[in-house]
Amino acid sequence: MLNIILSGAPGSGKGTQSSFIAQKYGLQHLSTGDVLRAEIATGSELGKQIDALISKGNLVPDEMMYGVIENYIAGLPQDCKGTIFDGYPRTVAQAESLTQLLKKYNMDAIMIDLLVDEQLLIQRLIERGKVSGRADDNLNTIRHRIAVYHQQTEPIAHYYLHHGNYFAVNGNHTMADVFLQIMRVIELARPDKR
Ligand code: ADP
């Protein structure tokens, strides 16, 4: 089983690289951002609450995310080769709970941190905003999301560093070059091949 947590700031390329990884290694791709946006699209009460948070660039509360992840893991097919977690965990509490949950199923994960300079993040997100139609891809919200990332998500790097399964990748390069680096890390670190 190969579980990979792909972390990084908004605009770091998590979504793109996650798709490449999922395809190359035959993994399931769980994007919590996509799951939340799908809930918003249903027009449900819960979706409205989520929309109010996401469109301002804030995180959804941990308690709301736990159910999503538990249901996801409980529903994994028997023959699943592993998951690429794209956008989860985003807080230290989520990281702790994911470790426990994976342990329950006799699984673990490696964490790959995509590191990208702030100017480039902003530039990419503004470009994406021209086509994505995402309410959170505008300059003010982008700045807020990056601040939220520094405050709430960046500390998970120390959590994984401490647990010995942290790998950093320089995400400032082209999509193809970043993917090459990621593949190198995966080949070196694969917990299922150790
Ligand atoms: P990006 O990484 O570009 O910000 P995502 O699609 O991954 O885009 O996430 C969009 C938004 O969804 C986040 O800004 C946040 O509000 C919410 N979200 C996604 N994953 C989580 C999570 N694990 N915990 C809390 N909120 C989340």
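About the criteria used
Residue numbers here run from 1 along each chain, matching the order of that chain's written sequence. Owing to the predicted nature of the model, reporting of local features is limited to residues with pLDDT of at least 70; listing and counting of side-chain atom pairs is limited to 80 or more, with chain, interface and lining totals taken over all residues. Based on all heavy atoms of the structure, the side-chain values leave hydrogens and waters out of the count. For two strands to be treated as a pair, DSSP must find at least two bridges joining them. Helix and strand definitions follow DSSP, with helices as H or I runs of at least four residues and strands as E runs of at least two, each counted in order from the N terminus. Each axis is a line fitted through C-alpha atoms, taken for helices only over the stretch in contact, and angles between the N-to-C directions span 0 to 180 degrees. Here, expected helix span is obtained from the residue count minus one, scaled by 1.5 Å. To sort residues, take the accessible area from a 1.4 Å probe on protein chains only and compare it with the maximum for the residue type: under 20% means buried, over 50% means exposed, and anything in between is partly exposed. By construction, the arc corresponds to the directions joining the helix axis to the C-beta atoms. Residue contacts are defined here by distance: any two heavy atoms, one from each residue, within 4.5 Å place the two residues in contact. Site definitions follow a grid-based scheme: protein atoms alone, a 1 Å grid, a 1.4 Å probe that fits but cannot get out for cavities, and for pockets an open set with protein on both sides within 12 Å along at least five of seven lines, plus lining residues having an atom within 4 Å of a point. Grid points are joined across faces, edges and corners, and a volume is the space filled by probe spheres set on the points. Each residue gets one of three labels, nonpolar for Ala, Val, Leu, Ile, Met, Phe, Trp, Tyr, Cys and Pro, charged for Asp, Glu, Lys and Arg, and polar for the others, Gly among them. In plain words, nonpolar cores are sets of buried Ala, Val, Leu, Ile, Met, Phe, Trp, Tyr and Cys residues tied together by side-chain atoms within 4.5 Å. What sets the label is the angle itself: under 35 degrees gives roughly parallel, over 145 gives roughly antiparallel, 65 to 115 gives roughly perpendicular, and the rest give oblique. When the near helix sits turned anticlockwise from the far one by under a right angle, the crossing is termed left-handed; a clockwise turn instead gives a right-handed crossing. N or O atoms closer than or at 3.5 Å make up a polar contact, with two conditions inside protein: a donor-capable atom paired with an acceptor-capable one, and, for residues adjacent in sequence, both atoms drawn from side chains.

A word on the sheet that holds strand S5 (residues 166-170)
Strands sit in the order S2-S3-S1-S4-S5 across an open sheet of five strands; the sheet is parallel. Edge positions in the open sheet fall to strand S2 (28-31) and S5, since each of these has one partner strand only. Averaged over neighbouring strand pairs, the angle between their axes works out to 20 degrees when direction is ignored. With five bridges joining them, strand S4 (residues 110-115) and S5 adopt parallel strand pairing. Within S5, the position partnered with Met-111 by the bridge is Tyr-166.

A short note on helix H1 (residues 14-25)
Between its first and last C-alpha, H1 extends 16 Å over twelve residues, near the 16 Å set by a 1.5 Å rise per residue. Regarding H1, the residues found buried are Lys-14, Gln-17, Ser-18, Ile-21, Ala-22 and Tyr-25. Looking down the long axis of H1, one finds its buried residues gathered within 140 degrees of arc, a one-sided arrangement. Each element contacted by the buried residues of H1 is listed here: strand S1 (4-8), S2, strand S3 (83-86), S4 and helix H9 (175-189). Taken from the residues just after H1, Gly-26 is the one with a positive phi, measuring 65 degrees.

Overview of the layout of surface pockets
Estimates place the volume of the largest pocket at around 880 Å³. Forming the walls of the largest pocket are 45 residues, and the residues nearest its centre are Pro-10, Lys-14, Arg-90, Arg-134 and Arg-145. Here the lining of the largest pocket is composed, by residue class, of 15 nonpolar, 20 polar and ten charged. A volume near 160 Å³ is recorded for the second largest pocket. Considering the residues around the second largest pocket, the lining is formed by Ile-5, Thr-99, Leu-102, Lys-103, Met-107, Asp-108, Ala-109, Tyr-159, Tyr-160, His-163 and Asn-165. Elements that contribute at least two residues to the lining of the second largest pocket include exactly helix H5 (92-104) and helix H8 (156-163). Residues of the lining of the second largest pocket, tallied by class, amount to six nonpolar, three polar and two charged.

Observations regarding the nonpolar core
Judged by nonpolar contacts, the single largest core of 24 residues is most densely connected at Ile-5, Ile-69, Ile-73, Phe-85, Leu-98, Leu-102 and Tyr-160. Mapped onto this core, the elements with two or more residues apiece are helix H3 (45-54), helix H4 (62-74), H5 and H8. The contacts of Ile-5, once residues within four sequence positions are left out, are Phe-85, Tyr-88, Pro-89, Leu-98, Ala-109, Ile-110, Met-111, Ile-112 and Tyr-160. Listed in part, the 19 residues of the second largest apolar core include Leu-27, Ile-112, Val-185 and Ala-189.

Here's the deal with the packing of H4 against H5
Closest axis-to-axis distance for the H4/H5 pair is 11 Å, and the angle between their directions is 25 degrees. When the axis of H4 is compared with that of H5, the two are roughly parallel. Where H4 crosses over H5, the two elements pack in a sense that is right-handed. When H4 is examined against H5, the residues Asp-62, Met-65, Tyr-66, Ile-69, Glu-70 and Ile-73 are found in contact with a partner set consisting of Ala-93, Gln-94, Ser-97, Leu-98, Leu-101 and Leu-102.

Re the packing of helix H2 (residues 32-41) against H3
Between H2 and H3, whose axes approach to 7 Å, the crossing angle comes to 125 degrees. Judged by the angle between their axes, H2 and H3 are oblique. The element H2 and its partner H3 pack so that their crossing is left-handed. Where H2 approaches H3, its residues Leu-36, Glu-39 and Ile-40 are matched on the opposing element by Leu-46, Gly-47, Ile-50, Asp-51 and Ile-54. Residue classes in the contact of H2 with H3 are distributed as five nonpolar, one polar and two charged.

Examining unusual backbone geometry
Among all residues save glycine, negative phi is the norm, and among peptide bonds the norm is trans. Cis geometry is found at the peptide bond from Tyr-88 to Pro-89, where omega equals 0 degrees. Counting through the fold element by element, Pro-89 comes out in the loop between S3 and H5.

Here we look at the side chain of Asn-3
Summarising the element assignment, Asn-3 is placed in the segment before S1. Engagement of the side chain of Asn-3 in a polar contact is seen with the backbone oxygen of Asp-108, the distance being 3.1 Å. Excluding its chain neighbours within four sequence positions, the residues that come into contact with Asn-3 are Gly-82, Thr-83, Phe-85, Leu-102, Met-107, Asp-108, Ala-109 and Ile-110.

Structural measurements only, silent on function.
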